[in-house]
Amino acid sequence: MAFADLGRLGTLACSHADGVATVALAREEKLNAICADMHRDFRTVLDQLETDPAVRCLVLTGTGRAFCSGQDLTENLPVASDGRPDLATALDRDYNPLVARLAALQIPTIAAVNGIAAGAGANLALVCDIVLAAQGASFVEAFCRIALVPDCGGTWLLPRLVGRQRALAMMLTGEPVDAETARDWGMVWKVLPGENFRDDVQSFAARLARGPTASFAMTKRAVDAAWDNTLEEQLALERNLQAECGRADDFREGVAAFVEKRPALFRGR
Ligand code: T3D
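Computed from a predicted model, the values in this text were never measured in an experiment.

Asks: Outline the packing of helix H4 (residues 154-162) against helix H5 (residues 164-173), supporting the account with residue identities and numerical values.
Replies: Axis separation between H4 and H5 bottoms out at 7 Å; the angle between their running directions is 130°. When the axes of H4 and H5 are compared, the pair comes out oblique. As for the relative orientation of H4 and H5, their crossing is right-handed in sense. Residues Gly-154, Thr-155, Leu-158, Pro-159 and Val-162 of H4 form the contact with H5, whose own contacting residues are Arg-164, Arg-166, Ala-167, Met-170 and Met-171. Broken down by class, the residue content of the contact of H4 with H5 amounts to 6 nonpolar, 2 polar and 2 charged.

Asks: Before we move on, could you go through the layout of surface pockets and cite the residues and values that matter?
Replies: Think of a ball as big as a water molecule: rolled over the atoms, this probe shows where empty space is left. Each pocket or cavity is described by its volume, and for the largest pocket that value is around 840 Å³. Lining the largest pocket are 27 residues, and of these Cys-128, Asp-129, Ile-130, Val-223 and Asp-224 lie nearest its centre. Mapped onto the lining of the largest pocket, the elements with two or more residues apiece are helix H2 (87-104), strand E8 (130-134), H4, helix H7 (197-209) and helix H8 (213-226). Among the elements that take part in the lining of the largest pocket, H8 stands out by supplying 5 residues, more than any other. Residues of the lining of the largest pocket, tallied by class, amount to 19 nonpolar, 3 polar and 5 charged. Both domains that meet at the lining of the largest pocket, namely domain 1 (3-209) and domain 2 (213-260), each give it at least three residues. Put simply, the second largest pocket is a space of about 500 Å³. Taken together, 24 residues form the lining of the second largest pocket, with Gln-71, Leu-73, Phe-143, Ile-146 and Leu-148 sitting closest to its centre. Elements supplying a minimum of two residues to the lining of the second largest pocket: H2 and strand E7 (116-118). Take the lining of the second largest pocket: its biggest share by element is 4 residues, from H2. Counted by class, the lining of the second largest pocket contains 16 nonpolar, 4 polar and 4 charged residues.

So, how was this worked out
Residues numbered from 1 in each chain as written. Predicted model: local features only at pLDDT ≥ 70, side-chain atom pairs only at ≥ 80, totals over all residues. Heavy atoms only, no water. Axes fitted to C-alpha atoms, helices over the stretch in contact; angles between N-to-C directions. Helix = DSSP H or I, 4+ residues; strand = E, 2+ residues; numbered from the N terminus. Parallel < 35°, antiparallel > 145°, perpendicular 65-115°, else oblique. Left-handed = near helix turned anticlockwise from the far one by under 90°. Contact = heavy atoms within 4.5 Å. Nonpolar A, V, L, I, M, F, W, Y, C, P; charged D, E, K, R; others polar. 1 Å grid on protein atoms, 1.4 Å probe; cavity = no way out; pocket = protein on both sides within 12 Å on 5 of 7 lines; lining within 4 Å. Points joined across faces, edges and corners; volume = space filled by probe spheres on them. Domains from an automatic or database assignment.

Right, dumping it as C-alpha cells:
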C-alpha cells in the first residue's frame, strides 16, 4: 500500500498531492486531542511515510479550529499495579516512538499550525523541521495546568529554540504564546494569513517536495549531529555528506540547470 491509498484513516485525514503527504489530526470535537486510536493510526501512517518514495515532504496539521489539544484527558490511561496512572507506559508505547519516528524522517517535515497547539500538540509541532503558523494560532505548554512535566521532547526542543528562560516561563506558567511571538522567538518560521492558510502551506510544501530530497536528508542529519559535535567533527561530517551529494544525479542536474539558465528538475537522488 502507498501513502496515497490511506485516505481517511480513523482519527487522521491523509491526502497526497505533488509529492506532499498531508496528515491532519481529525477529532474536531475535542480539538484534535490525541488518543490511543490516533497513536495506532499514526503508526500506520509512519509505516508508509518511512518507505514510500513518492512522498517527498510531510505536512502535519489539524482539522477544524485547532491544531491539537494534546493528550485526550478524558481517555482511560494505563494503570500501574497500585492502581495509579502509569504514564511511563503511555510514553514508552505511544508518545516517545511517535516523536522519535517523526524526528527521524528523511524528508522535510512541516507543522502547519492552524490553531491552538497545546501540551503534546505544541511539542509535536516543534519536532517538525519547519513550523508554519496561521494568524491566530497559539502554543501552550499546558502540562503544568495538570501537574505534569512537558513531554514529547518539549524539554529538549523548546530551550534549544527559544532559550532556557522563555522555555521555562512557558512551561511554568502555561500561558499561551501567540503565533507572531512564537515566530519572533524562533519557534515558527512564518506566520501566514488564516484565509488561504491551507493553500499557502501546500504551495510551500510542494516547493520542498520538488527539491533535492536526498541532500535535504543529509542536511537534516548534519544539523542534528551538530548539537553534540565539535567543529572539527562537524567539518568531517560535512565533508563525507558533501562527497555523497557530489556523486548524486541531483547535483549534476542542479549545476546543468544553472549553466543552462533553467529551473532544476530534481528527482531526489
Ligand atoms: O497522559 C499521558 O499519556 C501523558 C501525556 C500527556 C501529554 C499532554 O498533552 S498533557 C496536556 C493535555 N492537554 C491539555 O491540558 C489541554 C486541555 N485543553 C485546554 O486547555 C483547552 O481546551 C484549550 C486551551 C486547548 C482550548 O480552549 P478553548 O476554550 O478554545 O476550547 P474548549 O472549550 O476548552 O475545548 C473545546 C472542546 O474540546 C471541549 O469539549 P466540550 O466541552 O465542547 O464537549 C473540551 O473539553 C474538548 N477538549 C479540549 N482539549 C481536550 C479536550 N477533550 C479532551 N482532551 C483534551 N486535551
